[in-house]
Amino acid sequence: MKRIIFLLGICALLQCIPAFSQVRNIHLSWDSSKEDATGKTMAITWAKDDVSKGAVQYATDSSLSNSHRTQATRAYSDAMQAYIYKATLKHLQPNTTYFYRCGSEEDGWSKIYSFQTAPPLGSQEKFVVGVWGDTQDNEFNTQFEKTEAIVHQMLEYPIQFTIHMGDIVNNGSMATSWRNFFRVAQPLNAIASFMPVTGNHDVVNDTADSGFQKPFPVFHELFNLPEKDTDYSFTYGNTHFVALSSGHAKGVEEAGATNWRYGKSSPEYKWLEADLAKARQNKAITWVIVYMHHPLYSFGWSHVQGWQERIAPLLDRYKVDLALAGHRHVYERHKAIRDNRIIALQDDHVYRSPAGTVYVTNGTAGGSPQGLGGSDMPSMVYTSPKKMYNYAVMIVDGNTITYDVYNLGGERIDYFKIVK
Ligand SMILES: [Fe+2]
């Protein structure tokens with residue numbers, strides 16, 4: 001009898017507690033291209049089903065005893081059917097670990113997460129970047145099962161931020177896909193800035209639509225990235241990262257080569273040229289890394305010649321060190337290339353001060369693997385010997401970049417170094 005009375009008491013108590021929704025889909029990013037943004041700021045975004053006084057409480061101690069607080073902005077997203085909260089922490093100390101939680105006293109807090117701010121601009125200190133792409137929820141990844149496994153593998157490395165090659169979801173108009181992606185990726189995205197480009201699955205594909213090649217509105221509602229969310233750059237330590245959204249390049253080519261993103265007189269093209277020129281004039285920057293969805297050099301049907309013709313000359317002119325891409329669901333690595341000239345490699349795994357850009361296609365971190373890459377391309381160094389999922393862990397350590405590529409089983413399938 002006592003047990004029944006106790007249970008009835010618990011039930012009565014629960015009915016008295018308001019049913020506030022959970023803080024979910026937490027992800028970090030930088031929302032500014034300023035050179036010191038990675039060391040001094042952090043943008044935090046999350047979703048919640050109801051209205052609350054959303055804020056971020058943060059401190060350098062894990063108990064948050066000496067905490068600061070930044071109020072979030074809030075906007076309802078029709079596409080997500082949820083409120084999206086965004087807050088940017090400012091005046092942070094570089095190279096410092098911060099602990100934070102988001103929510104409010106009234107409606108409940110998230111668990112406490114932590115992140116580390118970047119070292120000062122020009123620092124030669126080592127840092128680790130996660131590289132992934134094509135996490136799209138299709139065939140064997142309908143609930144992002146494969147992506148979730150990769151997230152947990154990446155958590156085993158001290159990754160400070162990730163760059164994503166696009167095709168984050170299979171259909172960018174589906175709110176459930178975005179929700180599910182951010183659900184499985186939250187353990188990583190809540191401790192390491194998530195800096196993606198859009199892929200053709202994340203943007204409007206209908207050539208008759210006025211939004212052709214633009215991300216679905218939900219993308220802007222959910223993300224908090226520099227510039228207009230799609231084409232941006234940021235500097236971390238001694239490395240400048242440039243993110244290009246290639247739109248629906250294949251669709252443009254098939255439609256008769258009109259509406260190119262990065263057409264030669266376009267604002268995007270001028271921005272990219274100015275950004276690369278500025279980075280190359282900055283003595284604090286050792287490396288320039290460009291990433292995008294469509295690869296510039298790749299084997300097979302996924303290659304878009306017109307995209308290469310527009311972008312590669314700029315990468316050549318400004319001596320970009322490394323160009324990363326996705327789209328094709330295999331892993332491919334090429335010799336360094338400049339002005340269409342392939343630079344011979346003495347050691348298949350080491351590029352020593354290469355007189356060209358190293359090109360890598362980062363296959364798939366969830367979308368169904370495609371057929372084998374071809375090896376009958378003169379620039380090809382490595383292509384997946386069988387269908388596989390993959391992700392990479394890139395370590396930038398002063399004058400050396402080390403790039404380790406893993407499959408879904410966590411086995412290293414390829415590696416290379418670029419040494420200056
Ligand atoms: Fe794609």
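This one's a predicted model, so the numbers in the text were calculated from it and none came from an experiment. (Residues numbered from 1 in each chain as written. Predicted model: local features only at pLDDT ≥ 70, side-chain atom pairs only at ≥ 80, totals over all residues. Heavy atoms only, no water.)

S.K.: Help me understand helix α8 (residues 305-317), please; the structure alone is not making it clear to me.
M.R.: Count 3.6 residues to each turn of an α-helix, and residues three or four apart come out pointing the same way. Between its first and last C-alpha atoms α8 spans 19 Å; for 13 residues at 1.5 Å apiece the expected length is 18 Å, and the two agree. I311 marks the point of greatest bend in α8, at about 30°, and the proline P313 comes within the next four residues. All of the buried residues in α8 are G306, W307, Q308, R310, I311, A312, L314, L315 and D316. With its phi angle positive at about 50°, K319 sits one or two positions after the end of α8. (Helix = DSSP H or I, 4+ residues; strand = E, 2+ residues; numbered from the N terminus. Expected span 1.5 Å × (residues − 1). Bend = angle between axes of the 7 residues up to and from the residue. Buried < 20%, exposed > 50% of the residue type's maximum accessible area, 1.4 Å probe, protein only.)

S.K.: So what exactly am I meant to see when it comes to the sheet that holds strand β15 (residues 287-292) here?
M.R.: Hydrogen bonds along the backbone pair up the strands of a sheet, which may run parallel or antiparallel. Across the sheet, which stays open at both edges, the 7 strands sit in the order β13-β14-β15-β16-β21-β17-β22 with mixed pairing between neighbours. Because the sheet does not close on itself, it has two edges, and the strands there are β13 (232-236) and β22 (380-383). Neighbouring strand axes in the sheet, compared pairwise and without regard to direction, differ in orientation by 15° on average. Of the pairings in the sheet, the one linking β13 to strand β14 (residues 239-244) comprises 5 bridges and is antiparallel in character. If you follow Y236 over to β14, its bridge partner there is T239. Strand contacts of helix α7 (residues 267-281): β13, β14 and β15, with the helix running at about 175° to β14, the strand carrying the most contacts. Of the strands in this sheet, β14, β15, β16 (322-325) and β21 (358-362) touch α8, which is tilted by about 135° from β21. (Pairing = 2+ DSSP bridges. Axes fitted to C-alpha atoms, helices over the stretch in contact; angles between N-to-C directions. Contact = heavy atoms within 4.5 Å.)

S.K.: For this particular structure, what's the right way to read the nonpolar core?
M.R.: As a rule of thumb, soluble globular proteins bury nonpolar side chains together. With 91 residues, the main nonpolar core has Y100, I163, F241 and Y291 as its most contacted residues. Looking at this core element by element, the count peaks at 7 residues for helix α4 (residues 175-189). Per-domain counts for this core show at least three residues from each of domain 1 (24-116) and domain 2 (127-419). Counting 32 residues, the second-largest nonpolar core is a separate cluster that includes Y269, I285, M292 and V304. (Core = buried A, V, L, I, M, F, W, Y, C linked by side-chain atoms within 4.5 Å. Domains from an automatic or database assignment.)

S.K.: It is not clear to me how the coordination of the iron ion should be interpreted in this structure. Could you clarify?
M.R.: Under ideal tetrahedral coordination, the four donors around a metal are separated by 109.5 degrees; under ideal octahedral coordination, the six donors are separated by 90 or 180 degrees. Taken together, the protein ligands of the iron ion are D167 (OD), N200 (OD1), H293 (NE2) and H327 (ND1), with distances of 2.1 to 2.2 Å. Coordination at the iron ion is irregular, judged from the 4 donor atoms that bind it and the angles of 85 to 162° they form at the metal. (Donors = N, O, S within 2.8 Å, 3.2 Å for Na, K, Ca; no water. Tetrahedral: all angles 85-135°; square planar, octahedral: opposite > 155°, others 65-115°.)

S.K.: When you look at the domain arrangement of the protein chain in this model, what are you seeing that I'm missing?
M.R.: Interface size is commonly expressed as the accessible surface area that is lost when the partners come together. Entries for the protein chain in the domain assignment read domain 1 (24-116) and domain 2 (127-419). On a C-alpha basis, the centroid separation for the pair domain 1 and domain 2 is 26 Å. Each side of the interface is counted separately: domain 1 has 27 residues, and domain 2 has 31 residues. Approximately 2500 Å² of surface area, both sides summed, lies buried where domain 1 meets domain 2, with 50% of it carried by carbon and sulfur atoms. Sorting the residues of domain 1 by area buried against domain 2 places H27, W30 and M80 first, and these three jointly supply 26% of that buried surface. Applying the counting criterion to the domain 1 and domain 2 interface returns 0 salt bridges. At the junction of domain 1 with domain 2, the criterion picks out 18 residue pairs in polar contact (both at pLDDT 80 or more). Among the elements of the structure, β1 (24-29), β2 (42-48), β6 (82-89) and β9 (113-116) are those that each provide at least two residues to the side of domain 1 that touches domain 2. No other element matches β1, which puts 6 residues into the side of domain 1 that touches domain 2. (Buried area = accessible area lost by both parts, 1.4 Å probe. Salt bridge = Lys/Arg side-chain N within 4 Å of Asp/Glu carboxyl O. Polar contact = N/O pair within 3.5 Å; in protein donor to acceptor, adjacent residues only side chain to side chain.)

S.K.: I tried to follow unusual backbone geometry on my own but got confused; where do I start?
M.R.: Excluding glycine, a negative phi dihedral is what most residues carry, and trans is how most peptide bonds are arranged. Notably, Q81 is not glycine yet its phi reads approximately 50°, a positive angle. For Q81, the position within the fold is in the loop between β5 (73-77) and β6. If you check the backbone angles, H327 has positive phi at about 75° while not being a glycine. Along the polypeptide, H327 turns up in the loop between β16 and β17 (331-334). Using a relative accessible area of 10% as the deciding quantity, one classes H327 as buried.

S.K.: Would you mind going over the side chain of K250 with me for this structure?
M.R.: Inspection of the secondary structure assignment puts K250 in helix α6 (residues 249-254). When neighbours within four sequence positions are excluded, K250 is seen to be in contact with H294, W301, H303 and V304.

S.K.: Would you mind showing me how to read the pairing of strand β10 (residues 127-132) here?
M.R.: Within β10, 6 of the 6 residues are buried, which leaves the element mostly enclosed by the surrounding structure. Here β10 shows a buried face lined by F127, V129 and V131 and a second buried face lined by V128, G130 and W132. In this sheet, strand β23 (residues 390-397) lies alongside β10 in antiparallel orientation, the contact comprising 5 bridges. The residue of β23 that forms the bridge with V129 is M394. The β-α-β motif built from β10, the intervening helix α3 (residues 145-154) and the parallel element strand β11 (residues 161-164) has right-handed crossover chirality. (Right-handed = clockwise from strand over helix to strand, strands pointing away.)

S.K.: Which parts of the structure should I look at to understand the confidence of the model for the protein chain?
M.R.: Atom-level detail of predicted coordinates should not be read off regions where pLDDT is low. Of the residues in the protein chain, 95% reach a pLDDT of 70 or more, and the chain-wide mean stands at 93. Note that residues 4-18 has pLDDT below 50 and, in this model, 0 contacts with residues that lie over four places away or in other chains. (pLDDT = per-residue confidence, 0-100.)

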